[in-house]
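# A structural walkthrough
If you want the building blocks of each chain, they are given just below.
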Amino acid sequence: MNAISEHALDALRAGDRRAIARAISAVENDDPRAGGIARAIAPHLGRAHVIGITGAPGAGKSTLINALLGELIARGQRVSVVAVDPSSPISGGAVLGDRIRMGEYGAHDNVFIRSVSSRGHPGGLSRTTGRIVDVLDAAGFDAVIVETVGAGQSDVEITDLADTRIVVCPPGLGDEVQAIKAGIMEIADVFVVNKAELAGADATVRDLSEMLRLRPRTAKVVPVLRTSAARGQGVAAVVDAALAHAAAVGHGRRLGALAEAARAAPRAPGAPMGGGSVSGQRSPHAATHAHIHSAPRSAERETEAAERIARLAARDPFVAGLGLRVASGRAGHAAVTLALTDAHLNFNGTCHGGVIFALADTAFGLASNSRGLVAAGIDAHIAYHVPGMLGDTLTATAVEVSRTRKLAAYRVDVAGADGTPVASFTGTVYLTARPNEPDAPAA
Amino acid sequence: MNKPIDDAPPLLATAGEEPWREDYAREIRAEKAVRNRSGVAIKPLYTPRDWNGERFAEDIGYPGQPPYTRGIYATMHRGRTWTQRQLIGLSTPADYNARLLAIIAQGATAVSLIPCNSVYRGYDMDEVDFEVLGTCGVVLNTVDHFDTCLDGVDLARMSCSLNDPSPFTLLAFLLATAKRRGVPWNSIRGTSNQSDYLSHYVANHMFFRLALPAARRILVDHIAFCQRHVPQWNPMSVVGQHMQQAGATPAEAMGFAFASALQYADDCVAQGMAPDAFLPRFTFFFDISLSFFEEIARFRAGRRIWARVVRDRYGAKDPRSWRMKFHAQTSGVDLTRAQPYNNISRVTVQAIAGVLGGLQSLHTDAYDEALSCPTEFGARIAVATQNILREEAHLTDVIDPLGGSFYVETLTDEMETRILSAMQLVADAGGMCEAVAANLVQRRIGESARRFQQAIESGEQTVVGVNAYQTEEDRSARPALARPDPQRMRSHLAAFAVHKASRSAATVTAARDALARAANDARTNVFEAVIAAAEAGCTHGEICTTLRREMGFGHVQALV
Amino acid sequence: MDIRPKVLITKIGLDGHDRGSRLVAAHLRDTGMEVIYTPPWQEIPTVVKLAIEEDVDVVGVSSLATDHLIVPKLVAALREAGLNEVAVIVGGIVPDADEDILLEAGVARVFHPGTPLDEISAYIREVTEKIRTARVSA
């Protein structure tokens, strides 16, 4: 019996603790239900803000996470934590004591904590962790915190799952800042110097800031914050920085092209999936394989395009005003979401057609401008299939279907949260030679 | 083959160490390397080559003279016997009082009071599950309860040892009771048992404890207050027993206990107290394991180390500062559930080691102590054991009778080395507070515990009735749990509710607010504020909750 | 089937002596199990939440003093939360008369002081296999 029952899926999405825990066990152990779970939750991914927290032992990560939990709960969020512990190499067993260090808020109703050891998972620890993050994402948590111990190679891979990556340092590193693995320095979106009440904290903040200053100017802005997690100081600023970062780059970065396409695909068989490197066949393991294959070959260019899309969206007043959010993007592709509220409804109580058009058009605009040149829309059409309903979250996924020297055409599928096709949009742009970000290098 | 006696080799020709070694090697069936619990290698024989008394004057000396290796008093047990301090605590204050008066009638010379685990944890009786109330100690939450516990006891004459976690509410209740009875505080004698908060951080985890910095401050406030107002009270009881029960070796337990004591002494000096003012009131509490000679040697070495350290480090001039006074309890961890009567023999061996080791006060476990709160039957045997050792076996006729033994003196030196090594580990980490915050001590103890467990699992260390000499289980030897009478406990609870309701809410609130203010003002003596709160009618739980809120709670680490 | 039991080792109630629970947790790890370990003084609702989220097979309660008296409350709370197959075992000091009460309340087994650690891990493995097999065929 490989499929997951409707009931179990509903329970999971409703946040039923047991259903979530059971689903996690299934994907963790790669048992027969794992494939069915992955398939069933695939359309429901990309909503959660995934926060990776890593750093050397002794930095006080668990205390910091406990404080972050408190802050996030206070802001009304439902938060889950995946605490990844090392295992005993000889027997493969492990003592997972980390969650109890997040004791205070770990017992809160709006918090779900799962401990994971690095015992022989088929496919590796980062793959398993990715699947667990997916389950928690589908279960509707606003934030999924992934905590890894240490700063080794597998920790770098795991933090790759995150939208926002926080690196925690203890004070007093001094010259040893150099000793921090290069991989960690590169991936950090936010640095936190914890135990700031101790001597050496100032020096560490200075050293980190100095190291960041030496990086190329186009490199992203990485704040260096200080906290005294045990005293609850500085934690709100960390949450603010994480949320600001997420607003810029979006949620669900880990999901990549394959899963994007799998999510957006209409249920009707035979419907084409989209261009690029996505295969036409919707493989049952699409969602899971995304984690293995999601590291694109031209990694830097993809990241660049994604970051450009984020920047363009961030400076679009209409995007902010309507409540649109960039879910993911890469060259020639963009996915944008909108959670429908009262303000979006028409006189019939369903989503205004103009709103759906705006959503699709935004994805169209970002996808066509992702390569750095101003792309001007010259033609657009939309067909509405079913009404958008209050409370639903619509996702518009734009894919490039054709590009010549001067013209490019895009198809945008708008779907509800459960994958139901809501509208289909097509658009054509005229490609100019002007950069849409005069100060940034072109694609 | 029968050799005629005339043909036997002459004795003198085969005398001496070398011939003995040869005979030994030839006759021993399987030579096993032996190490005691602290890891010292133990030989089959000790001779003047190991110890010849060269340094007798500097290292051994005489009882009552530094370095006190032979004992802290000139007369030791021959002059004044050790205090027979049987720990008791159970059920309601009235039940406790009855048991206490009975024990006193039987000859006990001091009071000891163990409160219920709920009190240890900082709760009032109405804040915990009913089932666990009063099973291991007396349920006392107010001054009135304390007054009842010690009804009929002359506070000016009886020394009281209280198991009293920070913030020392029980002493506060005692002082309030004394005031009611018109007994001046400067005649109150006793000990704040186990006031060593670091030992509760590291092992045992029984006592309510505030966050480390808060516990640190309250202890110093406690010591300072007692020095001024309750001068005959011992506010400082440094505990090696908890760590040893948690698995530390005897040397580690003593070394870490001394390191804690140094931390506390440093903190007192930092507060401006003169060493000779507070050191004489430092007492120690150690475990006595079944490792007979190791324990005797350890206590002798301990006295020597302490005398030298306090003189060198603090410049203490008063001989009373140099003396390591200690209470000892026979180790419950060595007792078994299987064949429980065997525990009587075990306790006897442990007690002898403690007596020969020169303790000042002794608690002998009842044979069923490993299983439950001891029954009257078991407790009586435990007390009788002490009387037999003293009066039938005449163990106290000679002071430090093992002094001069080639083995014991060598072992004393070896134990000294290992104790100092444990102290050095802590010193290198920057002191006991630092070492505990870095989990160094806990990890070390855990390693020793694991090693010992492996020795038992592998059979290397025999435990009679458990991994050797097992027999069919005899359930009759295992007594049922002594439980408090549920009716009486419910009445006690009901009376407590009535009492709380009858207080002036305004007075209580004002008292708690004053306590909270004191907690946040570094210049105030928090213990003094605790006494004021107790006198104003605050309950133990109310006092603990207030301080916990203001000063933070010391959680237990989840380390394996 | 490579069974890797997931075991919660915890202490509820008032007692704080944790030498035994630490030794058991370390031993179970050394035999290849995943152990969620808590320090003493856990509240029953916290233990239940933990057992659910970590999807444990066995809950092991270390009890000295008289804390075993509230283990039946824990068992009831686990069952009420829907954790009907999770096996609850108790290790520590339990008088004979109380052992029967615990077993009747749904505790699977009581381990007394002096029990070899291997016996505990072997039992956990056995009971986990039963639980997982039953779950698959359900």
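These numbers were taken from a predicted model, which means no experiment stands behind them.

Calculation notes
Residues numbered from 1 in each chain as written. Chains lettered and ligands numbered in written order. Predicted model: local features only at pLDDT ≥ 70, side-chain atom pairs only at ≥ 80, totals over all residues. Contact = placed C-beta atoms within 7 Å. Helix = DSSP H or I, 4+ residues; strand = E, 2+ residues; numbered from the N terminus. Nonpolar A, V, L, I, M, F, W, Y, C, P; charged D, E, K, R; others polar. Buried ≥ 20, exposed ≤ 12 C-beta atoms within 10 Å, placed from the backbone. Pairing = 2+ DSSP bridges. Axes fitted to C-alpha atoms, helices over the stretch in contact; angles between N-to-C directions. Parallel < 35°, antiparallel > 145°, perpendicular 65-115°, else oblique. Left-handed = near helix turned anticlockwise from the far one by under 90°. Core = buried A, V, L, I, M, F, W, Y, C linked by C-beta atoms within 7 Å. Arc of directions from axis to C-beta.

### Focus: the interface of chain B and chain C
The partner chain C presents 30 residues to the 33 residues of chain B that form the contact. Examining the composition of the side of chain B that touches chain C, we find that five residues originate from one element, helix α19 (residues 440-458) of chain B, more than from any other. By residue class, the composition of the side of chain B that touches chain C is 14 nonpolar, 11 polar and eight charged.

### Concerning the pairing of strand β6 (residues 164-169) of chain A
All names here are of chain A. Of all six residues in β6, six are buried, a share of seventy percent or more. Side chains of β6 alternate between two faces, with Thr164, Ile166 and Val168 and Arg165, Val167 and Cys169 buried alike. Pairing of strand β1 (residues 49-55) with β6, which is carried by five bridges, proceeds in the parallel orientation. Its bridge partner lying in β6, Ile53 is registered against Ile166. Across four bridges, the pairing between β6 and strand β7 (residues 190-193) is parallel. What sits directly across from Val168, in β7, is Val192.

### Quick look at the packing of helix α7 (residues 169-181) of chain B against helix α22 (residues 526-535) of chain B
Residue and element names in this part refer to chain B. Contact pair α7 / α22: the axes reach a minimum separation of 9 Å and the direction vectors enclose 60 degrees. Compared by their axis directions, α7 and α22 come out oblique. Handedness of the crossing formed by α7 with α22: right-handed. Contacts between α7 and α22 pair Thr169, Ala172, Phe173, Leu175 and Ala176 from the former with Val530, Ile531, Ala534 and Glu535 from the latter. Taken together, the residues that form the contact of α7 with α22 break down as seven nonpolar, one polar and one charged.

### Remarks on the pairing of strand β1 (residues 6-10) of chain C
Residue and element names in this part refer to chain C. Burial of β1 is extensive: five of the five residues sit out of reach of the surface. Side chains Lys6, Leu8 and Thr10 of β1 all project onto a buried face; the interleaved residues Val7 and Ile9 project onto the opposite face, where all are buried too. Summarising the sheet, β1 and strand β2 (residues 34-37) pair through four bridges and their orientation is parallel. Residue Lys6 lies in a different strand from β2, and its bridge partner there is Glu34. Relative to strand β3 (residues 58-63), β1 runs parallel, the two being bridged by four bridges.

### Here we look at the sheet that holds strand β7 (residues 282-288) of chain B
Residues and elements named next belong to chain B. Strand order across the open sheet formed by five strands is β1-β9-β8-β7-β6, with parallel pairing between neighbours. Where the open sheet ends on each side, the last strands, each with one partner, are β1 (83-84) and β6 (236-239). In terms of strand pairing, strand β8 (residues 325-330) meets strand β9 (residues 361-363) through three bridges, oriented parallel. Each residue of the ladder has a partner; that of Ala328, found in β9, is Leu362. Across the sheet, helix α11 (residues 250-270) touches β6 and β7, and the angle it forms with β6 is around 150 degrees.

### As for the environment of B:Glu528
Residue and element names in this part refer to chain B. Its location among the elements puts Glu528 in helix α22. Owing to 17 C-beta atoms within 10 Å, Glu528 belongs among the partly exposed residues under this scheme. Considered as a pair, Glu528 and Ala248 are 280 residues apart in the sequence and their alpha carbons are 35 Å apart.

### So, the nonpolar core
Counting 310 residues, the largest nonpolar core has A:Val146, A:Leu359, A:Ala360, A:Ala363, A:Val414, B:Val530 and C:Val35 as its most contacted members. When residues of this core are assigned to their parent elements, the largest contribution, 12 residues, is made by α11(B). Here A:Ala363 is in contact with A:Ala334, A:Ala335, A:Val336, A:Ala396, A:Thr397, A:Ala398 and A:Val412, once residues within four sequence places are set aside.

### Observations concerning the environment of A:Ala19
All names here are of chain A. Its location among the elements puts Ala19 in helix α2 (residues 17-29). Taking the C-beta count within 10 Å as the criterion, Ala19 has 20 such neighbours and is therefore assigned buried. Sequence-wise, Ala19 and Ile37 are 18 residues apart; in three dimensions their C-alpha atoms are separated by 11 Å. When residues no more than four places from it in sequence are discounted, the contact partners of Ala19 are Ala8, Ala11 and Leu12.

### Remarks on helix α3 (residues 71-80) of chain C
Residues and elements named next belong to chain C. Considered for burial, the residues of α3 that qualify are Val71, Leu74, Val75 and Leu78. Seen end-on, α3 carries its buried residues on one side only, within an arc spanning 100 degrees. Those residues of α3 that are buried are in contact with α2 (44-53), β3, β4 (87-92) and α4 (96-104). The positive-phi residue at the C-terminal boundary of α3 is Gly82, with phi of around 95 degrees.

### Description of the sheet that holds strand β2 (residues 79-85) of chain A
All names here are of chain A. With respect to topology, seven strands assemble into an open sheet ordered β4-β2-β5-β1-β6-β7-β8, the strand pairing being parallel. Two strands lie at the open edges of the sheet, namely β4 (111-117) and β8 (224-226), each paired on one side alone. Adjacent strand axes in the sheet meet at a mean angle of 20 degrees when their direction is disregarded. Those strands touched by helix α10 (residues 201-213) are β6, β7 and β8, and its axis lies near 170 degrees from that of β8.

### A short note on the environment of A:Arg434
Summarising the element assignment, A:Arg434 is placed in strand β14 (residues 421-435). Taking the C-alpha atoms as reference, A:Arg434 lies 8.4 Å from A:Gly372; in sequence the two are 62 residues apart.

### Considering the packing of α11(B) against helix α17 (residues 406-428) of chain B
Residue and element names in this part refer to chain B. Relative orientation of the contacting elements α11 and α17 amounts to 50 degrees, with a least axis distance of 8 Å. Between α11 and α17, the crossing angle belongs to the class labelled oblique. Crossing of α11 over α17 shows right-handed handedness. The segment α11 lies against α17, with Ala251, Glu252, Met254, Gly255, Phe256, Phe258 and Ala259 engaging Met415, Arg418, Ile419, Ser421, Ala422, Met423 and Val426. Looking at side-chain class alone, the contact of α11 with α17 contains 10 nonpolar, two polar and two charged residues.

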